[in-house]
Amino acid sequence: MRRWIVWSSIGSFLLIDFLMFLRFFLPRSIFEPSSVFRIGVPSDYALGVDTKWQQQYRIWVTRTSDRLFVIYARCTHLGCTPDWKASENKFKCPCHGSGYDSEGINFEGPAPRPMDRADVSLDAEGQIVVNISKLYEYPKGEFDNEHSYIQV
Amino acid sequence: MAEGSEEKDPKQLTTGEEKPKSWLARMREGSTSLKGRAVEEAKTYKDPQDTQLWKSIFRVSHDRSDPRNRSLSILSNVFLHLHPAKINRDAVRYPFTWGMGGITFYLFIVLTFTGVLLMFYYHPTKGDAFRDILYLEHDVPFGKLLRNMHRWAAHLMVITTWLHMFRVVLTGSYKRPREFNWCVGVVLLVLTLLLSFTGYLLPDDQLGFWAVTVGTNMARATPMLGHEGPFGPQLGLTAYNDVRFGLLGGSIVDANALLRSYIWHCIGIPLVASIFMAVHFWRIRKDGGISGPAPVMLESEMKAVKKKTG
């Protein structure tokens, strides 16, 4: 009995140490760019794909005849950033060759689904507010959700 | 003596103008006397192998004629004892072993040595990492050589580890009683691949950055541990608390990921791998040495056998 207590104390001590070791690798605060930002008013964007925020925010703004939406620039295969090929009117991923049309719908390569779209809304000034921590996925039928696009 | 003194006297008389002796002659005389003294002194010295210093280090005298002593001199040496005192001749034929395990270990040593040297110039920070690589490549003396040695040895080590494994499969060396050592070897293979992968990010170039992006994105789909994997969302995992987050120290491949990669690459994984290697090598001997083919008999021995049987 005494031995059992000693060994179980040592064992649980080591187990707790191990759990602490694992928890240690998940920091509480991280210093990453904000996931919410403003990108101007809808009239700033012409029909088609605008790549001016790709470098800074990793997004593309696409405007169709009736909608404006923000594509999160992450390939749905393994997370590289595709390139916008204006001459071919498509997004092409340099890592494994997935291709997407101007609305981010996949049509070639290993990508399993269209690129996700970020949450968009208009603030009091009429500016577009983008939140890339909230993404809408096509297979879940979220591309018609309220904040997945802006009616224009 | 008498003749010498007679000869000297006239010389001194004739060369009286040159003063006593030339410096060369004095040097010669001095060196011969020094040599004589040195020889005398050396005679009083012990054989180096008989000194206390020698004996305190090596402990066992190296006596070739005595097999027990030959074994002891190996067993009592921390470096040599890693090898068995005796090996089966058939087990070390290169066509059988390919020498792949040994080559892999040799590459590990090369990588440790060149890696430590590279650490003298490399800062694992976003601002410095790639600049340090360029600095090593173009300015640091022998920096390019070191970096390339590290890079090529790393590529080779992955290849030789696989070939070693392939050889072990082909020769059936994973079978009883070596099953456990096979498992240790599989762990070492995984550690080798992890070393390769963590080293990939360190130059902080486009190739490494996207490779690690792709690699860690796979971790998203880990069952129960990744936020896009089976049971991940049900367990409340998000991009900010899953296994990928723990690996990268963030939700994106950034400064934390670079630092973590560096620490795992330089300290964490080599330390664990060293322990597994020690077990791996030790088990080779405990499991009966390198597994060998049927013993080969030399022609000289065949004659001996023929003689016996005949």
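Relevant structure appears above.
I will try to describe carefully the structure that is included in this document.

**So, the packing of helix α8 (residues 143-170) of chain B against helix α9 (residues 179-201) of chain B**
All names here are of chain B. Where α8 contacts α9, the two axes come as close as 10 Å, and the packing angle between them is 160°. Comparing their axes, α9 and α8 come out roughly antiparallel. By crossing handedness, the relation of α8 to α9 is classed as left-handed. Facing Ala154, Met157, Val158, Thr161, Met165 and Val168 of α8, the residues of α9 in contact are Trp182, Gly185, Leu189, Thr192, Leu193, Ser196 and Gly199. Taken together, the residues that form the contact of α8 with α9 break down as 8 nonpolar, 5 polar and no charged.

**Things to note about unusual backbone geometry**
At the junction of B:Arg176 and B:Pro177, the peptide bond is cis and its omega measures out at 5° in the coordinates. Of note, A:Asn89 is a non-glycine position whose phi angle comes to about 55°, a positive value. Mapped onto the elements of the fold, A:Asn89 is located in the loop between β5 (83-85) and β6 (90-92). Of note in the backbone geometry, B:Asp204 takes a positive phi value of approximately 55° without being a glycine. Along the chain, B:Asp204 turns up in the loop between α9 and α10 (206-220). The class for B:Asp204 is buried, based on 22 C-beta atoms found within 10 Å.

**With respect to the interface of chain B and chain A**
Chain B puts 13 residues into the contact, and the matching count from chain A is 9 residues. Elements supplying a minimum of two residues to the side of chain B that touches chain A: α10 and α11 (243-248) of chain B. When residues in the side of chain B that touches chain A are grouped by element, the largest group, 5 residues, is from α10(B). Here the residues of the side of chain B that touches chain A are counted per class, giving 5 nonpolar, 7 polar and 1 charged.

The rules behind each value
Residues numbered from 1 in each chain as written. Chains lettered and ligands numbered in written order. Predicted model: local features only at pLDDT ≥ 70, side-chain atom pairs only at ≥ 80, totals over all residues. Axes fitted to C-alpha atoms, helices over the stretch in contact; angles between N-to-C directions. Helix = DSSP H or I, 4+ residues; strand = E, 2+ residues; numbered from the N terminus. Parallel < 35°, antiparallel > 145°, perpendicular 65-115°, else oblique. Left-handed = near helix turned anticlockwise from the far one by under 90°. Contact = placed C-beta atoms within 7 Å. Nonpolar A, V, L, I, M, F, W, Y, C, P; charged D, E, K, R; others polar. Buried ≥ 20, exposed ≤ 12 C-beta atoms within 10 Å, placed from the backbone.

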